[in-house]
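The residues making up each chain are set out below.
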Amino acid sequence: MTIDVHLSAVGVDLLAAGRFQDALAPLRLAVSLGDTAPATLLNLAIAEDRAGDRDRGRRLMRQVAVRLPDWDEPMLRLAESLRAAGETMAAEEAYGQVLDLNPSRPEALIALGGLLLMRGQGEEARTLLIRCCGVAPDNAEAWNTLGLTLRATKAPSPALTAFVKAQTLRPGCLDYVLNGVEITLDAGESDAELARLTVACGQDPLNPAIQLGRGMLLERLGRRPEAIDVLEAAAALTPDMVVPLRLLGGVLARSSQVARAQQVLRRVSELDPDNPQVRNDHATVLIRLHRHAEGRTILLDVLDRHGPDIAILCNLANATACLGLQEEAVAIARRAIGLDPRAVLPRRALCNTLPYRDATTGAELLAAMRDCSAVLPRVAQPPLGNNPDPDRPLIVGLLSGTLRSHPVGWLTVAGVETLDPDQFSLICLTQNAAPEDPIARRYRAAARGWIEVDGLNDAALTAVARDRHIDILIDLGGYGDAARMPACANRLAPVQIKWVGMQAHSSGVAEMDWFLTDRWETPDGFEPLYSERLLRLPDGYVCYSPPPHAPDVVALPALTSGFVTFGCFNNLAKITPRVIETWAAILRRIPDARLILKTHQLSDGPTADRFLAAFASLGIAGDRIEPRGSSGHRAFMGQYGDVDIVLDPFPYSGGLTTCEALWMGVPTITLPGEIFASRHSASHMSNAGLPDWVAGSVEDYMDMAVARAGDLAALADLRARLRDQVRRSPLCDAPRFGRGLGAALRRAWQAWCVETSPPMPGHVQSRNVWK
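Residues numbered from 1 in each chain as written. Predicted model: local features only at pLDDT ≥ 70, side-chain atom pairs only at ≥ 80, totals over all residues. Heavy atoms only, no water.

Student: Outline the packing of helix 3 (residues 38-51) against helix 4 (residues 54-67), listing residues and values.
Tutor: Taken N-terminus to C-terminus, the directions of helix 3 and helix 4 make an angle of 160 degrees; their axes are 7 Å apart at the nearest point. Comparing their axes, helix 4 and helix 3 come out roughly antiparallel. Crossing of helix 3 over helix 4 shows left-handed handedness. Of the residues in helix 4, those in contact with Pro38, Leu41, Leu42, Leu44, Ala45, Ile46, Glu48 and Asp49 of helix 3 are Arg54, Arg56, Gly57, Arg58, Leu60, Met61, Val64 and Arg67. Grouping the amino acids of the contact of helix 3 with helix 4 by side-chain chemistry returns nine nonpolar, one polar and six charged. (Axes fitted to C-alpha atoms, helices over the stretch in contact; angles between N-to-C directions. Helix = DSSP H or I, 4+ residues; strand = E, 2+ residues; numbered from the N terminus. Parallel < 35°, antiparallel > 145°, perpendicular 65-115°, else oblique. Left-handed = near helix turned anticlockwise from the far one by under 90°. Contact = heavy atoms within 4.5 Å. Nonpolar A, V, L, I, M, F, W, Y, C, P; charged D, E, K, R; others polar.)

Student: I'd like a rundown of the sheet that holds strand 8 (residues 565-568), residues and numbers included.
Tutor: The five strands are arranged 10-9-8-11-12 in an open sheet whose pairing can be described as parallel. Every other strand in the sheet has two partners, leaving strand 10 (625-628) and strand 12 (668-669) as the edge strands with one partner each. Two strands pair when backbone bridges link them, and strand 11 (residues 645-647) and strand 12 are joined in this way by two bridges, in the parallel orientation. Paired with Leu647 across the strands is Ile669, a residue of strand 12. Packed onto the sheet, helix 28 (residues 605-616) meets strand 9 (594-598) and strand 10 and runs at close to 160 degrees relative to strand 10. (Pairing = 2+ DSSP bridges.)

Student: Just give me the short version of the pattern of salt bridges, but keep the residues and values in it.
Tutor: On inspection of all chains with the given rule, the structure shows 46 salt bridges. Residue Glu626 is joined to Arg628 by a salt bridge in which the shortest nitrogen-to-oxygen separation is 2.8 Å. It is possible to trace a salt-bridge network through shared partners that takes in Asp72, Glu73, Arg77, Glu80, Arg105 and Glu107. (Salt bridge = Lys/Arg side-chain N within 4 Å of Asp/Glu carboxyl O.)

Student: Break down helix 19 (residues 310-322) for me, citing the residues and quoting the values.
Tutor: With 13 residues, helix 19 extends 19 Å from end C-alpha to end C-alpha; this agrees with the ideal 18 Å at 1.5 Å per step. Buried residues dominate helix 19, accounting for ten of its 13 residues. Residues of helix 19 that are buried include every one of Ile312, Leu313, Cys314, Asn315, Leu316, Ala317, Ala319, Thr320, Ala321 and Cys322, and no others. Buried residues along helix 19 sit against helix 17 (276-288), helix 18 (292-306), helix 20 (326-339) and helix 21 (344-353). N-cap assignment for helix 19: the residue whose side-chain oxygen lies 3.1 Å from the backbone N of Ala311 is Asp309. Looking one or two places after helix 19, you find Gly324, whose phi comes out positive at around 85 degrees. (Expected span 1.5 Å × (residues − 1). Buried < 20%, exposed > 50% of the residue type's maximum accessible area, 1.4 Å probe, protein only. Polar contact = N/O pair within 3.5 Å; in protein donor to acceptor, adjacent residues only side chain to side chain.)

The structure is reproduced here in structure tokens:
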């Protein structure tokens, strides 16, 4: 072997090993010594291109193509270089030249088909890929790309067949398996595919790709506990691979096992520390665990390293709001909108942060909600066939990811389970099911149907809801975590109602017909602030279910401590700078008073220190403010025993926390505003018979706090009788609430029946309110 041939062989070996820079020297030297064979020149061209000098590499490729015009390899390599650089149109032309020379070249058929698919030329791509599968039936990537093309051209069953063929040829390729899982439900072959994957797992139990596919299909089918077991087994087979762990972490994050999800995703971040999406997943789980400061730190670092990203900015807006930085959170959400004004996620983030910001008006929030509704994806649906009989029994659907021990559960289950069963049948469309949860068990007992929709996209959820012939759909999620309100844009039922669950204000969704409310939440004149008609209940808009584990009420602590202790156990997102200024002014007027702040976020030392510093800047010493972090629910309730008076935040007031404080004998001073979220406590206090604790202005709020703190005898008397008063009030009277709710649902249904019937001459139906 001559020296130039030896050098060329060394260069080829280095190329094959992916060591492109190292391959340059021997290949250049071989050429300089006289080895100008086309193969050597083409290998040098590939090395130059892959090592970074694209122009030099492409010149060599073209020279070889001119020298051997019938050889398709130089043009193929040129096409690959162009595609890698994002020069897609030039790449398409080059691949076309390859196929002119060799119409059966699989690499060109696959690559050109993929490029055509990317720019929406699905039919042309399909023709090329069918040809490729015919000439190269053992090429797994050809079958996979054909599957992608068939999926894009709305042929789900043939697409699944193609993906399964690709899997058969390369059983260890995870992408092929996951592509099949993604199309299985659309193909209507979920049972058959699950059976196939189950058999394949038995035949090859050490193949993590098949295990992962089976686990993800179980997740899509709503069989989450089984899915987690299978995904855990698959991840154990590949403990240092990112994708299996990331899939497992994602499913765990959507379950109640959030702490376990954090452990898994932390490991994924360690394995792939430069992947922004992996770190975003980890931060998201930390936020769900109320470790907002940690999550925010990760997200800020990701943005600093990788630049702006919509999903990361939206998570950052959420974490920032939950740390009490409301103005900054709104600005971050608006920045995300600026990246893509037609995207839904950033508009949801704005809708979720605006209610916490001081001075947000009802009109401003309604406009943001309507802007979000305008970008929700909608698919034309056939007309609903529900019988418009105004008096027949009705099917009511509850759409929620929080039908369990959660604010939604505590505030709705008692009313729902006391609906007249002869008039209303319940179907729960639920996510994050918690079978052993006591509130979840109550919903299950009340419902005729319980459907877990975790794995369903909006189109599939729409089909499921419509197949159940639901007459009235009640959304209990809004734009919150695990929320499915966007599916309501596809009209799941003839009558759609918004109630509780991120019910900060109007939903703004054009297809949401009614908004369940009361006279305190939405007094007369508030109708223009809502896109829905207002369906006012006769008492409050919720019915509180006190937890059986709540401790007994204890005596007024001020009687033994010698000073009044104010308290607020609300999310820090609700505590604005103006709230802190107001509370500081109250503490200055009552020099010996104390304030307890208790919430999850205050478990973080730096966050607690920041709030103490805010009070210190207003002249309030640190020993007068006591930050407390998270605790179990019984302990949480018991700590109201240390509080004499609750100070409600504004503009976003307490909701469940106000009811819990009342149950523990502690009244709340509240200041309602214009938006729905600002009036929760006003509703609960009024419904419990304490309307005189509702202030009319910031000055009135402060004066009331000082006056109430100055009358310990009255506070002690109220505390001693408050639980019994609340128990007997409409706030906790489930049968009474159930009758009111049933009557309201019937009115909404009858209105739809009237509107679907030919109008009577001269008849005008109001669309703004129904009392």
